[in-house]
Amino acid sequence: MKEYKYKINGLLLGAAIGTGFAIFESMGYAFRALLISGNKDFMTDIIVVRGVLSPFAHIAWAAIAGAALWRVKGGHPFSMGMVLDGRFWHLFLVPVILHMLWNADFSLPYHIKEISLGVVAWIVILALIQEGLKEIRSEKIA
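Residues numbered from 1 in each chain as written. Predicted model: local features only at pLDDT ≥ 70, side-chain atom pairs only at ≥ 80, totals over all residues. Heavy atoms only, no water.

1. Topic: the packing of aromatic side chains
Here's step 1: Summed over all chains, the structure comprises 4 aromatic pairs.
Here's step 2: Ring geometry for Trp-61 against Trp-102: centres 5.4 Å apart, planes inclined by 85°, an arrangement best described as edge-to-face. Pair noted here: Trp-61 is in helix α3 (residues 58-73) and Trp-102 is in helix α4 (residues 86-103), with a separation of 41 residues, a long-range link. Both residues of the pair, Trp-61 and Trp-102, count as buried.
Here's step 3: Judged by centre distance (5.4 Å) and plane angle (90°), the ring pair of Trp-89 and Phe-92 falls under edge-to-face. With Trp-89 and Phe-92 both in helix α4 and 3 residues apart, this pair spans about one turn of that helix.
Here's step 4: With a relative accessible area of 37%, Trp-89 lands in the partly exposed category.
Here's step 5: Among the aromatic residues, ring-to-ring pairing joins Phe-88, Trp-89 and Phe-92 into one connected group.
Here's step 6: Here Lys-113 stacks its cationic end above the ring of Phe-106, 4.5 Å away from the centre of that ring. (Phe/Tyr/Trp six-rings, centres within 6.5 Å; stacked < 30°, edge-to-face > 60°. Helix = DSSP H or I, 4+ residues; strand = E, 2+ residues; numbered from the N terminus. Buried < 20%, exposed > 50% of the residue type's maximum accessible area, 1.4 Å probe, protein only. Lys NZ or Arg CZ within 6 Å of the ring centre and 35° of its normal.)

Put into structure tokens, the structure is as follows:
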């Protein structure tokens with residue numbers, strides 16, 4: 001799809017997919033908490049915490065992953081060879097490592113671990129936004 005050839009399109013599509021995933025996963029955790037504890041307040045707390053943290057997690061990770069794919073895809077149809085491209089892996093490993101650290105068996109008070117990892121993700125996202133805007137500007141000039 002040539003009209004969606006920019007890296008920023010992959011970033012946006014990835015964020016949308018990550019948002020949907022975060023919603024379903026949060027509902028699953030909340031439902032499980034309700035079944036186990038029977039406490040609606042505990043379920044609500046899970047939804048609120050996951051809702052607040054979601055822009056730092058699956059939404060950001062999937063956005064980066066989408067940009068990684070679009071880095072090699074551009075306006076071409078998808079092919080499996082694209083996921084073997086080093087340019088894809090160079091960026092795709094960022095959300096993989098962030099997710100691994102997020103799930104690591106250690107915690108810090110006040111969600112410092114999660115917020116710190118989210119800040120790293122957002123620094124990458126902001127850099128990708130700038131890269132995407134530069135890509136669009138350079139094409140307009142040409």
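2. A word on helix α2 (residues 40-53)
Here's step 1: If you check α2, its first and last C-alpha atoms are 20 Å apart, about what 14 residues at 1.5 Å a residue would give, namely 20 Å.
Here's step 2: For α2, the side-chain oxygen to backbone nitrogen distance between the N-cap and Asp-41 is 2.8 Å, and the N-cap itself is Asn-39. (Expected span 1.5 Å × (residues − 1). Polar contact = N/O pair within 3.5 Å; in protein donor to acceptor, adjacent residues only side chain to side chain.)

3. Quick look at the nonpolar core
Here's step 1: Within the largest apolar cluster, 24 residues are counted, with the highest numbers of intra-cluster contacts made by Leu-11, Ile-64, Leu-69, Leu-91, Trp-102, Ile-125 and Leu-128.
Here's step 2: Among the secondary structure elements, those contributing two or more residues to this core are α1 (7-37), α3, α4 and α5 (112-141).
Here's step 3: In terms of residue count, α3 provides more of this core than any other element does, 10 residues in total. (Core = buried A, V, L, I, M, F, W, Y, C linked by side-chain atoms within 4.5 Å.)

4. Some thoughts on the packing of α1 against α3
Here's step 1: In the contact formed by α1 and α3, the axes pass within 6 Å of each other and the chain directions differ by 145°. Between α1 and α3 lies a crossing whose hand is right-handed. For the pair α1 and α3, contact is made by Lys-7, Asn-9, Gly-10, Leu-11, Leu-13, Gly-14, Ala-15, Gly-18, Thr-19, Phe-21, Ala-22 and Glu-25 and by His-58, Ile-59, Ala-62, Ala-63, Ile-64, Gly-66, Ala-67, Trp-70 and Arg-71, respectively.
Here's step 2: Class assignment for the residues of the contact of α1 with α3 results in 11 nonpolar, 7 polar and 3 charged. (Axes fitted to C-alpha atoms, helices over the stretch in contact; angles between N-to-C directions. Left-handed = near helix turned anticlockwise from the far one by under 90°. Contact = heavy atoms within 4.5 Å. Nonpolar A, V, L, I, M, F, W, Y, C, P; charged D, E, K, R; others polar.)

5. Notes on the environment of Ser-54
Here's step 1: Counting through the fold element by element, Ser-54 comes out in the loop between α2 and α3.
Here's step 2: When the C-alpha atoms of Ser-54 and Glu-114 are compared, they prove to be 9.8 Å apart, with 60 residues separating the residues in sequence.
Here's step 3: Setting aside its immediate chain neighbours within four residues, Ser-54 contacts Ala-22 and Ile-59.
Here's step 4: At 3.0 Å, the side chain of Ser-54 forms a polar contact with the backbone oxygen of Gly-51.

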